[in-house]
Structures are given as structure tokens and as C-alpha cells.
Amino acid sequence: MQIHRYERWWLTFGVAMLIAFLALIGYAAVADNINPPMDMQQIDPAKVSQTPPFDKPGLRKLADGSYEAYYVAEVFSFNPARLTVPLGGKVTFYVTSADVVHGFFIPDTDVNMMAVPGWVNEETHTFKKAGEYLLICHEYCGIDHQDMFAKIEVR
Ligand code: CUA
């Protein structure tokens, strides 16, 4: 009788743990899908060209000596198409899309993200090597996707 009671206790305990575990997994999945990333800003994709600072895309120097670069992605180009960055400059890139999802990738840097309509994405890179960098769209976005790129001159 004793053994039988122990078995029942362990069975109940096991089932309770399983339910708790599944509830936790389910909650994590739901939380991941429903909550937008907390560090992302929202923007009206139809009003990007009127929304500061995206109404004037380009490079800005901050008080601490670092830079911010604002980009708008739109079929099939980036604005600005050319950017000059001082050698050694630490640049935080902010990008949004005025239409569909685009890629935002600068080979040989830390910058590899998406330009998503409705959201502002950001990534930072310090340019320690001079030269011309390509900014490319690496997400298929339509017929001229492969021609969607911009240039960044570091000097
Ligand atoms: Cu934009 Cu591919």
C-alpha cells in the first residue's frame, strides 16, 4: 500500500511539472510573437518623407563625437545614395522602409539588418578602415532588387 501511494504522488507531481513546463513554453512563445522588440521605434511608413529625422536622411554628428546616419529604403534605392564618413567614425545607422521589407547590409562591418516598413532599425559600426563600402539590399524586394545599393566613402 505504501509503495502504491508513493507512485501516485510521483505521477501527480510529474503531471503537474509537465503542465507548468508547457504553460511556460507557451507563454514564452506568445510573448515573443505579440510584443514588439522594446528597443524599436515605430514610424508611419506612408509619412516617412515628412517624419523627422527621416525627412532629411544623412549623417549627423553628435556632441560626443559619434555619428548618426538616417536612411530610407524604398524600391529600389537607398537615400542617401552616397555618404562620406570620417575615418574612425562611430556611426549608428537608423533605417526604415517607405514600402516593402528591404535588407540593409554593409559587408566587412557589423551592419546587417532589415529595413522594415513601420519600424526603425539600428546598428552601430566604427569605421577603422578607409575606402569605399557598399550598402546592399540583401532581401528580395522586387524586380530590380539586385540593383538596390548605395555607397559609403570612409576617409
Ligand atoms: Cu530592396 Cu532587395
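Everything below is about the structure shown above.
Residues numbered from 1 in each chain as written. Predicted model: local features only at pLDDT ≥ 70, side-chain atom pairs only at ≥ 80, totals over all residues. Heavy atoms only, no water.

**Thoughts on the overall build of the protein chain**
Move 1: Counting its regular elements, the protein chain contains 1 helix and 11 strands.
Move 2: Each helix and strand of the protein chain, placed in order from N terminus to C terminus, yields the pattern α-β-β-β-β-β-β-β-β-β-β-β.
Move 3: Taken over 155 residues, the protein chain has a buried fraction of 31%.
Move 4: For the protein chain, the proportion of contacts with a sequence separation of at least 24, taken over those separated by at least 6, is 58%. (Helix = DSSP H or I, 4+ residues; strand = E, 2+ residues; numbered from the N terminus. Buried < 20%, exposed > 50% of the residue type's maximum accessible area, 1.4 Å probe, protein only. Contact = heavy atoms within 4.5 Å.)

**Brief notes about the pattern of salt bridges**
It is possible for side chains of opposite charge to pair when their charged atoms get near one another.
Move 1: Evaluated as defined, the whole model comprises 3 salt bridges.
Move 2: As a salt-bridge pair, Glu 132 and Lys 151 come within 3.9 Å of each other at their nearest N and O atoms. On the criterion of sequence distance, the pair formed by Glu 132 in strand β10 (residues 131–136) and Lys 151 in strand β11 (residues 149–154) is long-range, its members being 19 residues apart.
Move 3: Its relative accessible area of 48% is what places Glu 132 among the partly exposed residues.
Move 4: Three or more residues joined by partner-sharing salt bridges are found here, namely Arg 82, Glu 132 and Lys 151. (Salt bridge = Lys/Arg side-chain N within 4 Å of Asp/Glu carboxyl O.)

**Examining the side chain of Ser 97**
Move 1: By the secondary structure assignment, Ser 97 is in strand β6 (residues 90–97).
Move 2: A distance of 2.5 Å separates a polar atom in the side chain of Ser 97 from the backbone oxygen of Val 100. (Polar contact = N/O pair within 3.5 Å; in protein donor to acceptor, adjacent residues only side chain to side chain.)

**Brief notes about the side chain of His 145**
Move 1: Locating His 145 in the fold gives a position in the loop between β10 and β11.
Move 2: We classify His 145 as buried; its relative accessible area is 15%.
Move 3: Of note is the side chain of His 145, whose polar atom sits 3.0 Å from the backbone oxygen of Glu 139.
Move 4: Apart from the residues within four sequence positions on either side, His 145 is in contact with Phe 76, Cys 137, His 138, Glu 139 and Tyr 140.

**Looking at unusual backbone geometry**
Move 1: The residue after Val 75, namely Phe 76, is reached through a cis peptide bond having omega -5 degrees.
Move 2: Residue Pro 80 is reached from Asn 79 by a cis peptide bond, and omega for that bond is 10 degrees.
Move 3: Even without being a glycine, Asp 108 presents a positive backbone phi close to 70 degrees.
Move 4: Tracing the backbone shows Asp 108 in the loop between β7 (102–105) and β8 (112–115).
Move 5: In this structure Asp 108 comes out as exposed when scored by relative accessible area, which is 70%.

**Observations concerning the pairing of β8**
Move 1: Taken together, the 4 bridges between β7 and β8 define a ladder with antiparallel strand orientation. Among the inter-strand pairings, Gly 103 is bridged to a residue of β8, identified as Met 114. (Pairing = 2+ DSSP bridges.)

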